[in-house]
Amino acid sequence: MRKFDTKVQYLKYKVLREVAKEAWAGRLPQTAFDIPKTIVPGNKPTMRCCVYKERAILAERVKIAMGGDPRNENVIQVIDIACDECPMGGYEVTSACRGCLAHRCEDVCKRGAISFDHNHVAHIDKSKCVECGMCAKVCPYSAIHNYIRPCERACKVKAISMDESKAAHIDNSKCIACGACVYQCPFGAITDKSYILQIIDILKGSLANTAYKTYAVVAPSISSQFTYAKLGQVVTGLKKLGFYTVIEAALGADMVAQAESKELAERGFLTSSCCPAFVNYIEKNFPDLVPYISSNLSPMATISKYLKEHEPTCKIVFIGPCTAKKMEVQREEVKKYVDATMTFEELQALFDSRDFDLTAMEEGFLDNASYYGRIFARCGGLADAVAEGLKEQGMTDFELKACSCDGIEECRMALLKKSKNVLDANFIEGMACVGGCIGGAGCLTHGEKNKAEVDKYGREAYEKTISDATSVLDWKP
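Residues numbered from 1 in each chain as written. Predicted model: local features only at pLDDT ≥ 70, side-chain atom pairs only at ≥ 80, totals over all residues. Heavy atoms only, no water.

A.B. asks: Help me out: how do you make sense of the sheet that holds strand E11 (residues 270-271) in this one?
C.D. replies: Sheet strands line up and pair through hydrogen bonds in the backbone, either parallel or antiparallel. Strand order in this open sheet of 3 strands is E11-E15-E14, and the pairing throughout is parallel. For this open sheet the edge positions go to E11 and strand E14 (402-406), each flanked by a neighbour on one side alone. Across 5 bridges, the pairing between E14 and strand E15 (residues 427-431) is parallel. Residue Asp406 lies in a different strand from E15, and its bridge partner there is Met431. Relative to the sheet, helix H16 (residues 381-392) contacts E14 and E15, its axis offset from that of E15 by approximately 145°. (Pairing = 2+ DSSP bridges. Helix = DSSP H or I, 4+ residues; strand = E, 2+ residues; numbered from the N terminus. Contact = heavy atoms within 4.5 Å. Axes fitted to C-alpha atoms, helices over the stretch in contact; angles between N-to-C directions.)

A.B. asks: Help me understand the pattern of salt bridges, please; the structure alone is not making it clear to me.
C.D. replies: Close approach of charged atoms allows side chains with opposite charge to pair. Overall, the coordinates contain 24 salt bridges when judged by the stated rule. The closest approach of N and O atoms between Glu22 and Arg27, which form a salt bridge, is 3.2 Å. Owing to a relative accessible area of 7%, Glu22 belongs among the buried residues under this scheme. Across the pair Arg71 and Asp69 runs a salt bridge, and its minimum N-O distance is 3.0 Å. On the basis of relative accessibility, which here comes to 76%, the residue Arg71 falls in the exposed class. Within the structure, one salt-bridge network assembled from shared partners comprises Lys12, Asp192, Lys326, Glu345 and Glu346. (Salt bridge = Lys/Arg side-chain N within 4 Å of Asp/Glu carboxyl O. Buried < 20%, exposed > 50% of the residue type's maximum accessible area, 1.4 Å probe, protein only.)

A.B. asks: What am I meant to see in the environment of Ala23 here?
C.D. replies: Here Ala23 shows up in helix H1 (residues 7-24). Taking the C-alpha atoms as reference points, Ala23 and Gly394, separated by 371 residues in sequence, lie 53 Å from one another. With residues near it in sequence (within four places) discarded, Ala23 still touches Leu28, Leu197, Ile200 and Lys204.

A.B. asks: It is not clear to me how the nonpolar core should be interpreted in this structure. Could you clarify?
C.D. replies: Grouped burial of nonpolar side chains is what soluble globular proteins tend to show. Counting 67 residues, the largest nonpolar core has Phe226, Leu238, Leu241, Phe243, Ile319, Leu350 and Phe351 as its most contacted members. With 7 residues, H1 is the single largest residue contributor to this core. Listed in part, the 47 residues of the second largest apolar core include Ile79, Val279, Ile408 and Ala414. (Core = buried A, V, L, I, M, F, W, Y, C linked by side-chain atoms within 4.5 Å.)

A.B. asks: Just checking my understanding: could you explain the pairing of strand E13 (residues 340-343) for this structure?
C.D. replies: Regular strands place their side chains on alternate faces of the sheet. The two faces of E13 match: Ala340 and Met342 on one face and Thr341 and Thr343 on the other face are all buried. Inspection of the sheet shows strand E12 (residues 315-320) paired to E13 by 4 bridges, in the parallel sense. Each residue of the ladder has a partner; that of Phe318, found in E13, is Thr341.

A.B. asks: Sorry, what's going on with the packing of aromatic side chains here?
C.D. replies: Here the distance between the centres and the angle between the planes together describe a pair of aromatic rings. What the rule picks out here adds up to 10 aromatic pairs. With a centroid separation of 5.7 Å and an interplanar angle of 90°, the aromatic rings of Tyr215 and Tyr244 are classed as edge-to-face. Note that Tyr215 is positioned in strand E9 (residues 214-218) and Tyr244 in the loop between helix H8 (231-241) and strand E10 (245-248), a separation of 29 residues in sequence. When its relative accessible area of 42% is taken as the criterion, Tyr244 is described as partly exposed. Three or more aromatic residues joined by ring pairs make a cluster, and in this case those are Phe226, Phe344, Phe351 and Phe356. For the cation-ring pair, Lys315 lies above Tyr212, with the distance from its terminal atom to the ring centre recorded as 5.5 Å. The ring of Tyr457 carries the charged tip of Arg374 above its face, separated from the ring centre by 3.8 Å. (Phe/Tyr/Trp six-rings, centres within 6.5 Å; stacked < 30°, edge-to-face > 60°. Lys NZ or Arg CZ within 6 Å of the ring centre and 35° of its normal.)

Written out as structure tokens, the structure reads:
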């Protein structure tokens, strides 16, 4: 039964699971050696050069599973000791160099960084090289290769560089917490902080029948996750963990679509506010466009605000695919509504920390939202929902010209065009992750099939229109 895409995800999950087990039992681990031997290396290394290094790395993973470094405001952290296996990166001469006489690489290099040994094989002086790539372009044997670390390649906002110890360094002033580097790092050396201990404390309070109820607000992309079980069984598992009930963030998406379509018609141009990484990207890279960001909170915050207004003592935990949500809940306008957030990876660890067999559970019920709210999970879904919102509210005289951006690179191009007044669109739907939320770093699985699952989930909605879904907002949870 395969639950994860990669073995790195599985390693991360095992640490989270064991930390959660100890937390449920009231025995919070202080180091890797305070958790069961199921994940502590024995006397022989299994993944690293020596067992001592494995243990040191594991101790760091445990710390991050328990909340990470409080001095670092970013939820994305680098485990320095685990980040030493990748080459430094940059242009290097490979064994394909034939020691030719043309020396075109030398001729084209304006910095004098190319030299040759006694076999006429080229070498690059890194102290002089400025990574222009001209040598690689002119080499007739394609013998010069640009080695880019997976994390650097994944980071489209150029927030990752290498420090003096050859470990990755994250520039928090540039990072948007999308988590692309987390998913792409082949050594698990970059990871996201977990607040699973805080969530367990909240659930323990609910299970002890204290003065509050805890609501699980689940992202619509959950429909493409936990493929080994049925969605209704996941709902039952959440209630068994201690959640009072499960609410669809997609209902918040319906609320946002209704309000955002009206705001768009009134203002004439908007950028979406649903993806926190996209909003963060605008704030850091296109500050002049900040006034165009929709005034609506994200679907997560919108439905949580509604719940808190109707039941002020309740606790709300958001569950989704997104590492950037962990940053969003720290924002002043959001943290008063959402108490904690976790990824699908962390939810799987919670289930298994209680030894739940989801496949043996009865199916619960989840039907709060419309088709349009549910398809927010994939790129283009928000634009479709805004079009429907305009139609349902009779604003057909406003012509929607949406630009749906699939990934942060497309977001950058659309925002750049808007900044230069050459964008032929009046609404930018920005999704930092490729594919939308279904491509989030905290997903159990990633892939094109997830889009089909989200669309199928949308079609199964009992409420077929946005108006039908939001008409139940006199409903009490």
